Structure formats: structure tokens, C-alpha cells
Amino acid sequence: GAVVSQHPSRVICKSGTSVKIECRSLDFQATTMFWYRQFPKQSLMLMATSNEGSKATYEQGVEKDKFLINHASLTLSTLTVTSAHPEDSSFYICSARVGGRSSYNEQFFGPGTRLTVL
Amino acid sequence: QQQVKQSPQSLIVQKGGISIINCAYENTAFDYFPWYQQFPGKGPALLIAIRPDVSEKKEGRFTISFNKSAKQFSLHIMDSQPGDSATYFCAASIEGSARQLTFGSGTQLTVLP
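Per chain, residues are indexed from 1 in the order of the written sequence. The naming scheme follows written order: chains are lettered A onward, ligands numbered 1 onward. Reporting in this predicted model follows two pLDDT cut-offs: at least 70 for local features of residues, and 80 or more for side-chain atom pairs to be given and counted; totals over whole chains, interfaces and linings ignore these cut-offs and use all residues. Processing note: side-chain calculations cover all non-hydrogen atoms of the structure and skip hydrogens and water entirely.

Visitor: Describe the state of the cysteines, and please don't skip the residues or the numbers.
Guide: Two cysteine sulfur atoms form a disulfide, by the criterion used here, when they sit within 2.5 Å. The full count for this structure, using the stated rule, is two disulfides over all chains. Here Cys23(A) engages in a disulfide with Cys94(A); their sulfurs sit 2.0 Å apart. What sets the handedness of the Cys23(A) and Cys94(A) disulfide is the S-S torsion sign, and at about 80 degrees it is right-handed. In this pair, Cys23(A) is assigned in strand S3 (residues 19-25) and Cys94(A) in strand S9 (residues 90-97), connecting sequence segments 71 residues apart. Each residue is placed in one exposure class: buried if its accessible area under a 1.4 Å probe, protein chains only, is under 20% of its type's maximum, exposed if it is over 50%, and partly exposed if it falls in between. Look at Cys23(A) and you get buried, because its relative accessible area is 0%. Relative accessible area serves as the criterion here: at 0%, Cys94(A) is assigned to the buried category. A sulfur-sulfur separation of 1.9 Å characterises the disulfide bridge that pairs Cys23(B) with Cys90(B). One disulfide, between Cys23(B) and Cys90(B), carries an S-S torsion of -95 degrees and so falls in the left-handed class. With Cys23(B) in strand S3 (residues 19-25) and Cys90(B) in strand S9 (residues 86-92), this residue pair connects regions lying 67 residues apart in the sequence. Cys90(B) carries the same exposure label as Cys23(B), and that label is buried. Here Cys13(A) is not cross-linked by a disulfide; its sulfur's nearest cysteine counterpart is in Cys94(A), at 18 Å. Helix and strand definitions here come from DSSP, where helices need a minimum of 4 consecutive H or I residues and strands a minimum of 2 consecutive E residues; each element is numbered from the N-terminal end.

See below:
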């Protein structure tokens, strides 16, 4: 199956610093990537949808200036949490989708990144 | 309109038993219904998915039953094993919406040895 990687898997940072999380599709080209946030024992909350070469579409309530998303290539998307604060501590998960109408466009999920802001 | 409601929140089953998780939706435009399995500290992994033109799909011990008129679908895990202990999420998506997934709230399954 298709593999999506995330780096780092775990990061601890001080309040006020910025953190970048990378999401890579290893063996396929992803026309669309999604970023999710998951709090303990809760479901996945979609933060934004990004298409290669264009600006990300953010879900209502997600601060685009705080969560910067770049989808520079068909295999790489990055999420930068700017000026992180303790309330940003969460599990961040990306997924990647192969485009085209021929399939139901299964999303392949990365292993997640645990962010802890002190 | 976009919600997918999932139940139960938690489920405890004996080894060898059948685990059943239910989901209901309102938006009739949904046309793809996947189930994901998530282990602690890991990302979700696709288990099985169904389209509304079929009423049942089986893959190994996992079966999705789909009731279009009732707008409900369920996951059945036959011969449940301790290794199946995980959180299960149902989801739904619409063609043309970039295939964004709307997730259910999740079910924590524990299979006792």
C-alpha cells in the first residue's frame, strides 16, 4: 500500500517557538494533502486541505496565520505551528490522496506527530 | 448535515466474539464510507470501505453492512481477537469536495483474551 511519512514523530518545544512538521508521500504523488488535529480520546478534526502549488483551504476556526501550510511538491507538505503555546499541544496527522475521478481517492494517513508545548 | 454519528463510544468483547460498531449519517450526498483502525500513538489505517450501491462488503473478518434507506452503516468484526483492540472510526465523503473525510467520534474496542 501507499506510504505516508511524517517527521518528526515527536517534538517538545518551549512556548513561543515555531515548529515545522513534514508530511511526505513516499511512493506516490499526492495531489491533495490534509492536515488533522487529534486530542486524546477524540476524533480527527480536519484543519486544512492543501493542493500542490496552491494555497491551503482552512476549516472554520483554524487560524491560517498560526498554522502555516505549504504544499510545494506532489510528495511534500509542511505544517508550521507558529508561536506555539501549550494549548497547541496535540497529535497532528497528515494524509495524502491521489487525485483523479477513477477511484474513490483513498486517503493514506501518516503516523502522526505528537507536539508538546511547554 | 455533515455529521456522522458513531456508537458505541466503547465496546468490550470476549475473544472470538463479534464486535459491532454503528454509524449514521444525514447527508445523502455522501457516496463513500470507509472504516479506519487506529492504535495508540499511530495514524489511522483504512480497514474496509463501501459505496452506497452495495449493501454489504466483506474482507476477511471485517464486514460492512450498509442500509441506504436508513442512512446507516456498520462494521462487524467476526472472531474478534485481542490484537483488534484499537479505536475504530467510521467516515464518509462526497465526490467533488476534495474527498474530505467526515469522521465519526470513534469507538474504543477492547477484546479480552
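From this point, the narrative continues.
Visitor: Describe unusual backbone geometry, with residues and values.
Guide: In terms of backbone geometry, most residues other than glycine have negative phi values and most peptide bonds are trans. Residue Pro8(A) follows His7(A) across a cis peptide bond; omega there is 0 degrees. Mapped onto the secondary structure, Pro8(A) falls in the loop between strand S1 (4-7) and strand S2 (10-13). Residues Ser7(B) and Pro8(B) are joined by a peptide bond in cis, for which omega reads -5 degrees. Within the fold, Pro8(B) resides in the loop between strand S1 (4-7) and strand S2 (10-14). Positive phi, close to 45 degrees, is recorded for Ser83(A), a residue that is not glycine.

Visitor: Any chance you could break down the interface of chain A and chain B for me, citing the residues and the numbers?
Guide: Contacts between the two partners involve 21 residues from chain A and, on the opposite side, 20 residues from chain B. Throughout, the accessible surface (probe 1.4 Å) given up by two parts as they are put together, summed over both, is called the buried area. Across the chain A/chain B interface, buried area totals approximately 1,700 Å², and carbon plus sulfur atoms make up 55% of it. Two N or O atoms form a polar contact when they lie within 3.5 Å of each other; inside protein one atom must be a possible hydrogen donor and the other a possible acceptor, and for residues adjacent in sequence the pair counts only when both atoms belong to side chains. On the surface where chain A and chain B come into contact, there are four residue pairs in polar contact (both at pLDDT 80 or more). Elements with a minimum of two residues in the side of chain A that touches chain B: strand S4 (32-38), strand S5 (44-51), S9 and strand S10 (107-109) of chain A. Classes in brief: Ala, Val, Leu, Ile, Met, Phe, Trp, Tyr, Cys and Pro nonpolar; Asp, Glu, Lys and Arg charged; the others, Gly included, polar. Of the residues contributing to the side of chain A that touches chain B, the split by class is nine nonpolar, seven polar and five charged. Should any heavy atoms of two residues lie within 4.5 Å, those residues are counted as being in contact.

Visitor: Break down the pattern of salt bridges for me, with residues and values.
Guide: All names here are of chain A. By definition, a salt bridge exists where a carboxyl oxygen of Asp or Glu is found within 4 Å of a side-chain nitrogen of Lys or Arg. For the structure on display, the rule yields five salt bridges over all chains. In this structure, the salt-bridge partner of Glu 22 is Arg 24, at a minimum N-O distance of 3.4 Å. Classification of Glu 22 as partly exposed rests on a relative accessible area of 25%. Using a relative accessible area of 34% as the deciding quantity, one classes Arg 24 as partly exposed. The partner of Lys 66 in a salt bridge is Asp 88, and the shortest N-O contact between them spans 2.9 Å. Here Asp 88 lies in the loop between strand S8 (76-81) and S9 and Lys 66 lies in the loop between strand S6 (57-58) and strand S7 (67-73), a separation of 22 residues in the sequence. Residue Lys 66 shares its accessibility class with Asp 88, and that shared class is buried.

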